[in-house]
Amino acid sequence: MPRVTRGFVGRRPRDSRLPPGQYDAGDQWPVLTAERAPHLDTDRWTFRIEGLVEREVEWTWDEIGALPRERWDGDIHCVTTWSKFGMRWSGIPVDDLLEAAGPLPRARFVVAHSHSGYTTNLPLADVTGGRAWLAFDAQGGPLTREHGGPARLLVPHLYFWKSVKWVAGLRVLAEDEPGFWERNGYHDRGDPWREQRFQGD
Amino acid sequence: MSTDPGTRPTTPRRTLRWQAATVLGIRDEAPAVRTFTLGLEEPAHHLPGQYYVLRLTAEDGYTAQRSYSVASAPDGRPEIDLTVERLDDGEVSEFLHDVVVPGDVLEVRGPVGGWFAWTGDSPALLVGGGSGQVPLTAMLRHARAAGRPDLVRMILSVRTPSDLYYGDELHVPQVTPVFTRTAPDGSARPAGRLVLDDVAPLVRGGETAYVCGSPAFADAAAALLAEAGVPDDAIRIEQFGPTGS
Ligand SMILES: Cc1cc2nc3c(=O)[nH]c(=O)nc-3n(C[C@H](O)[C@H](O)[C@H](O)COP(=O)(O)OP(=O)(O)OC[C@H]3O[C@@H](n4cnc5c(N)ncnc54)[C@H](O)[C@@H]3O)c2cc1C
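Computed from a prediction, not measured in an experiment: that's the story for all the values here.

Visitor: Pulling in residues and values, what's your account of the overall build of chain A?
Guide: Across its full length, chain A holds 4 helices and 11 strands. The C-alpha atoms of chain A give 17 Å as radius of gyration, which agrees with the globular expectation for 201 residues (17 Å, within 12%). Along the first, second and third principal axes, the C-alpha atoms of chain A reach 60 × 35 × 30 Å. Accessible surface computed for chain A: about 8700 Å², of which carbon and sulfur atoms make up 50%.

Visitor: Explain the overall build of chain B to me, using residue names and the numbers behind them.
Guide: Looking only at helices and strands, one finds 4 helices and 11 strands in chain B. The C-alpha radius of gyration of chain B comes to 18 Å, within 12% of the 18 Å expected for a compact globule of 245 residues. Judged by the C-alpha coordinates and their principal axes, chain B covers about 55 × 45 × 40 Å. Buried positions account for 55% of the 245 residues belonging to chain B. Considering only contacts in chain B between residues 6 or more positions apart, those separated by 24 or more positions represent 66%. A total accessible area of about 9900 Å² is found for chain B, and carbon and sulfur atoms account for 50% of it. A distance of 4 Å separates the average location of the 21 positive side-chain charges in chain B from that of its 32 negative side-chain charges.

Visitor: Outline the packing of aromatic side chains, listing residues and values.
Guide: Aromatic rings considered in pairs are described by the distance between their centres and by the relative angle of their planes. This model, assessed by the stated rule, comprises 17 aromatic pairs over all chains. Counting every residue linked through ring pairs, the aromatic cluster contains Y118, Y159, W161, F180, W181, Y186 and F198 of chain A together with W115 of chain B. Between the NZ or CZ atom of R236 of chain B and the centre of the ring of W115 of chain B, over which it lies, the distance is 4.6 Å.

Visitor: I'd like to hear about the sheet that holds strand β2 (residues 46-51) of chain A, residue by residue, with values.
Guide: All names here are of chain A. Strand order in the open sheet formed by 5 strands is β3-β2-β11-β6-β7, and the pairing between neighbours is mixed. Bordering the open sheet on either side are β3 (57-60) and β7 (119-123), each of which pairs with just one other strand. This sheet shows a mean twist of 15° between the axes of neighbouring strands, independent of strand direction. In this structure, strand β6 (residues 109-114) lies alongside strand β11 (residues 167-173), joined through 6 bridges in antiparallel fashion. If you follow S114 over to β11, its bridge partner there is V167.

Visitor: Describe the pairing of strand β3 (residues 51-57) of chain B, with residues and values.
Guide: Sheet faces and side chains relate simply in a regular strand, where the side chains alternate between the two faces. Residues and elements named next belong to chain B. The buried count for β3 comes to 7 of 7 residues, which makes it a mostly enclosed element. Relative to strand β4 (residues 63-69), β3 runs antiparallel, the two sharing 7 bridges. Across the sheet, the residue bridging to L54 is R66, located in β4. Once β3 ends, the chain turns through 5 residues before running back antiparallel as β4, passing G61 with a positive phi of about 95°. As paired elements, β3 and strand β6 (residues 105-112) share 4 bridges and run antiparallel to each other. Its bridge partner being in β6, Y51 is matched across the sheet by V112.

Visitor: How would you explain the site of the ligand if you had to name every residue and give the values?
Guide: Around the ligand sit 21 residues, and of these Y23 of chain A together with S67, Y68, V92 and S93 of chain B come closest. Near the ligand, the surrounding residues are drawn from chains A and B. One of the side-chain nitrogen or oxygen atoms of Y23 of chain A is found 2.5 Å away from a nitrogen atom of the ligand. Between a nitrogen atom of the ligand and a main-chain N or O atom of T83 of chain B, the distance comes to 2.8 Å. A total of 4 residues in the shell around the ligand trace back to one element, the largest contributor, which is β4 of chain B. Of the residues in the shell around the ligand, the class split is 9 nonpolar, 7 polar and 5 charged.

Visitor: Describe the environment of R71 of chain A, listing the residues and the values that go with them.
Guide: All names here are of chain A. With respect to the helices and strands, the residue R71 is situated in strand β4 (residues 70-77). Not counting residues within four places of it along the chain, the set of residues in contact with R71 comprises R88, W89 and S90. Polar side-chain contacts of R71 include one of 3.0 Å to the side chain of D73.

Visitor: Help me get a handle on the interface of chain A and chain B, residues and values and all.
Guide: Taken residue by residue, the interface counts 43 residues in chain A and 54 residues in chain B. With both sides pooled, the region where chain A packs onto chain B buries about 4200 Å², and carbon together with sulfur makes up 51% of that total. Sorting the residues of chain A by area buried against chain B places F8, R11 and R36 of chain A first, and these three jointly supply 20% of that buried surface. Its salt-bridge partner being D201 of chain A, residue R109 of chain B comes within 2.6 Å of it at the nearest N-O pair.

Parameters and conventions
- Residues numbered from 1 in each chain as written.
- Chains lettered and ligands numbered in written order.
- Predicted model: local features only at pLDDT ≥ 70, side-chain atom pairs only at ≥ 80, totals over all residues.
- Heavy atoms only, no water.
- Helix = DSSP H or I, 4+ residues; strand = E, 2+ residues; numbered from the N terminus.
- Rg over C-alpha atoms; globule rule 2.2 N^0.38 Å.
- Areas by Shrake-Rupley, 256 points an atom, 1.4 Å probe, with all protein chains shown as cover.
- Buried < 20%, exposed > 50% of the residue type's maximum accessible area, 1.4 Å probe, protein only.
- Contact = heavy atoms within 4.5 Å.
- Lys, Arg positive; Asp, Glu negative; His and termini not counted.
- Charge placed at Lys NZ, Arg CZ, Asp CG, Glu CD.
- Phe/Tyr/Trp six-rings, centres within 6.5 Å; stacked < 30°, edge-to-face > 60°.
- Lys NZ or Arg CZ within 6 Å of the ring centre and 35° of its normal.
- Pairing = 2+ DSSP bridges.
- Axes fitted to C-alpha atoms, helices over the stretch in contact; angles between N-to-C directions.
- Near = heavy atom within 4 Å.
- Polar contact = N/O pair within 3.5 Å; in protein donor to acceptor, adjacent residues only side chain to side chain.
- Nonpolar A, V, L, I, M, F, W, Y, C, P; charged D, E, K, R; others polar.
- Buried area = accessible area lost by both parts, 1.4 Å probe.
- Salt bridge = Lys/Arg side-chain N within 4 Å of Asp/Glu carboxyl O.

See the structure below:
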């Protein structure tokens, strides 16, 4: 049980779209990274699904460009406390990509990794069922390099550190394997509505 | 560039528990900037650059959490210093400045953040703007306590001379202040934003650069470092405060 802080009244959340502890970034789309954004050449770009699958699949930029895309409109939430409402995204459902690889029955988790070496872990259930995309466009234009272009993962129902920028692939696993921030104390799942920021939340 | 978390400082994976933190002292650093010394119930070792999460709870259970970098060096004392800039209309920073007095008990958990941390055994170039002074000063203090001040060089961008924190502690040869609005009388460099000529002379090669400040500052500073020849994978960035992008 949290201890009451003498004299603290607090401000109530103003908007029901805001999870606890978040503020509305308005027109801004903050770029928060721990490193400089890499330049990725689409000629050499690939996306790969490996691990516990019937067949490992790798797509080139042109191959992935030929797959059908869908649109997702909604809100995103960053663990650093900004939220952004009413965004427009388009990308390929992760369901479609996973179906091509055929996860084995033991598969329960994925590690998503980037072309820069960043990793994050997700339950398979959080990237399937129409809840995750390999995204190429946001707000009506191609994703910029700062926002993870040419392609990033989009898992909007979780804190945005799970939506790997410059994504390179998914490794399908039977056991959960903490990624970069998760090894540094961040939560393994990261549900903004439950304020799952750190291990133990 | 590569991120190989295996070769980078990582704190042990553990559940961060909330603990009581008693306000032992409050000190003014600059206009609207104060340092809070907190006595910890369960002291923990931190690396300079790491932060604590602070939680406030209202009678009805409403809570607000914010992150604050540790300003003190890891010196084994059961207390930490947090330096907080008061933002107008800031839910937590305003409360800390306007309401909190010594003897109050707050809640914190940490230390958090293994990436923007300096272990103290290799050359570091510290580049800070505004409240970015806080974690970088922890690094400077650590280097001094370890008898290795030669390992760090620090460049700080602040508006005026009175915006430098920590009294005279930053008036040392390892620290180059850059004033953006008002330079001290007689200074050779006119007031203005950080430019390549400020940064380039501090780059020796082989160091890790730690950049901390507002997102706009951090972007600009990281670009200057890259221009000055620091490889992208040797630049670590921590951003806080209102954003410009
Ligand atoms: C790792 C880390 C370390 C930090 N270390 C320090 C430190 O050492 N010292 C320090 O003073 N601060 C530090 N901060 C910032 C600190 O956590 C709080 O964000 C800050 O104190 C403001 O909180 P508040 O409750 O006073 O303001 P809030 O009530 O959160 O916000 C004040 C106003 O600004 C708006 N706002 C809030 N955040 C943002 C934002 N990011 N962009 C745009 N508008 C925003 C709000 O809507 C509101 O209008 C750190 C942040 C991080 C992530």
